[in-house]
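Each chain, written out:
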Amino acid sequence: PDERVQLAVLDAFAYLGAPEIVSLLRQYVRQATGERLTVALSVLGGLGDPDVVKLLTVYTIHADDAVRLGALRALKEIGFSRQELTALATDARYIDHLFDPKLA
């Protein structure tokens with residue numbers, strides 16, 4: 001239940017980059033909120049598994065701005081182009097943050 005422990009585990013998953021954790025992260029994302037959700041989406045994107053695209057796409061319309069940006073960032077990690085991300089974004093500034101190093 002400790003959020004700090006959960007974030008530490010997510011960081012370890014990101015470091016390990018093992019594809020075996022995709023199913024575990026899929027389950028975790030469904031109950032995570034706030035920063036934990038954003039980090040979990042980032043880890044999923046960093047794994048580069050195309051099977052998570054549909055799940056990540058759902059979070060591009062989330063109520064929380066940070067979660068939306070996190071989902072778009074994860075999709076960029078998977079290989080989505082600027083044009084594809086623009087089609088998913090509800091706000092162009094998200095795309096600017098993803099592609100302009102001064103804003104990132």
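It should be noted that the structure appears before, not after, this text.
Residues numbered from 1 in each chain as written. Predicted model: local features only at pLDDT ≥ 70, side-chain atom pairs only at ≥ 80, totals over all residues. Heavy atoms only, no water.

Asker: How should I be thinking about the nonpolar core in this particular structure?
Answerer: Nonpolar side chains in soluble globular proteins tend to be buried together. With 32 residues, the main nonpolar core has L25, V29, L41, L44 and Y59 as its most contacted residues. For this core, the secondary-structure elements that each account for two or more residues are α1 (3–16), α2 (22–31), α3 (34–47), α4 (53–58), α5 (65–78) and α7 (92–99). Residues contacting L25, with those up to four places away along its chain left out, are L10, F13, V43, L44 and L47. (Core = buried A, V, L, I, M, F, W, Y, C linked by side-chain atoms within 4.5 Å. Buried < 20%, exposed > 50% of the residue type's maximum accessible area, 1.4 Å probe, protein only. Helix = DSSP H or I, 4+ residues; strand = E, 2+ residues; numbered from the N terminus. Contact = heavy atoms within 4.5 Å.)

Asker: Even after reading the chapter, I still don't get the pattern of salt bridges, so can you show me in this structure?
Answerer: When their charged atoms lie close together, side chains carrying opposite charge are able to pair. Per the counting criterion, the structure on display carries 5 salt bridges. In this structure, D96 and R82 form a salt bridge, with 3.4 Å as the shortest nitrogen-oxygen distance. With D96 in helix α7 and R82 in helix α6 (residues 82–88), the pair connects residues that are 14 residues apart, well separated along the chain. The partly exposed category is assigned to R82, whose relative accessible area is 40%. (Salt bridge = Lys/Arg side-chain N within 4 Å of Asp/Glu carboxyl O.)

Asker: Sorry if this is basic, but what is going on with the packing of α2 against α3 here?
Answerer: Relative placement of two packed helices is described by the angle separating their axes and the distance separating the axes. Here α2 crosses α3 at 155°, and the two axes come no closer than 10 Å. Classified by the interaxial angle, the pair formed by α2 and α3 is roughly antiparallel. As α2 packs across α3, the resulting crossing turns out to be left-handed. On the side of α2, the interface is formed by V22, L25, Y28 and V29, while α3 contributes R36, L37, A40, L41, V43, L44 and L47. For the contact of α2 with α3, the per-class residue count stands at 10 nonpolar, no polar and 1 charged. (Axes fitted to C-alpha atoms, helices over the stretch in contact; angles between N-to-C directions. Parallel < 35°, antiparallel > 145°, perpendicular 65-115°, else oblique. Left-handed = near helix turned anticlockwise from the far one by under 90°. Nonpolar A, V, L, I, M, F, W, Y, C, P; charged D, E, K, R; others polar.)

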